[in-house]
Amino acid sequence: MTGVASPLRILLVEDDAADAHLVRLAMAETRINATLEHVVDGREALEYLRRETDRFKEALRPDLILLDLNMPRLDGREFLVAVKADAALRAIPVVVMSTSDVERDVRGAYRLGAAGYVAKPLDVSEFIAEIRQLGEYWTSLVRLPERR
């Protein structure tokens, strides 16, 4: 049982609108008990997490971050470095979701502090199945810290 009150708060950091739509669709289709906020790159994600702009002044701390690696402005690797260096943010689990299945990217993400790495399949039904498994893992199996 998770230590997080329902629903799970997820921050999706994804620059590709089609991929972000697929994540939303997959979560709705699999009925994962979660709320999803979406930002388009690492810089915007840091603004969200730190509530740095008027747009994000009421942002709620996510229980989980789903992170694309390859984005403009501040990519996933740079974002991981910044989050894991920030004492107020480093405990938030970050799962990388990338089209890259290259071993260098996988190892690099874990070395930078990722809690997981999921290679996004090209097949939509496979992608939905992966989101379902990911959602079940984070909502049913893992115990997250209680919210402050």
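Residues numbered from 1 in each chain as written. Predicted model: local features only at pLDDT ≥ 70, side-chain atom pairs only at ≥ 80, totals over all residues. Heavy atoms only, no water.

Draft legend 1. Spatial organisation of empty space enclosed by the protein. Scanning the entire structure with this criterion turns up two cavities of 30 Å³ or more. In this model, the largest cavity occupies a volume close to 50 Å³. Together, Leu8, Ile10, Met27, Ile32, Leu64, Leu66, Ile131, Leu134, Gly135 and Trp138 line the largest cavity. Looking at the lining of the largest cavity residue by residue, the classes come out as nine nonpolar, one polar and no charged. There is about 40 Å³ of room inside the second largest cavity. Looking at the second largest cavity, the residues that line it are Leu12, Glu14, Asp19, Val23, Leu66, Leu67, Asp68, Met97, Lys120 and Phe127. Residues of the lining of the second largest cavity, tallied by class, amount to six nonpolar, no polar and four charged. (1 Å grid on protein atoms, 1.4 Å probe; cavity = no way out; pocket = protein on both sides within 12 Å on 5 of 7 lines; lining within 4 Å. Points joined across faces, edges and corners; volume = space filled by probe spheres on them. Nonpolar A, V, L, I, M, F, W, Y, C, P; charged D, E, K, R; others polar.)

Draft legend 2. How the structure looks around the side chain of Glu44. Within the secondary structure, Glu44 sits in helix α2 (residues 42-50). A polar side-chain atom of Glu44 sits 3.1 Å from the main-chain amide nitrogen of Val40. Here Glu44 is in contact with Val39, Arg55, Phe56 and Arg73, once residues within four sequence places are set aside. (Helix = DSSP H or I, 4+ residues; strand = E, 2+ residues; numbered from the N terminus. Polar contact = N/O pair within 3.5 Å; in protein donor to acceptor, adjacent residues only side chain to side chain. Contact = heavy atoms within 4.5 Å.)

Draft legend 3. Expanded view of the packing of α2 against helix α3 (residues 76-85). The contact between α2 and α3 brings their axes to 9 Å, and the two run at 25°. Relative to α3, α2 is oriented roughly parallel. Between α2 and α3 the crossing geometry is right-handed. Contacts from Gly42, Ala45, Leu46, Leu49 and Arg50 in α2 reach Phe79, Ala82 and Val83 in α3. The residue makeup of the contact of α2 with α3, split by class, is six nonpolar, one polar and one charged. (Axes fitted to C-alpha atoms, helices over the stretch in contact; angles between N-to-C directions. Parallel < 35°, antiparallel > 145°, perpendicular 65-115°, else oblique. Left-handed = near helix turned anticlockwise from the far one by under 90°.)

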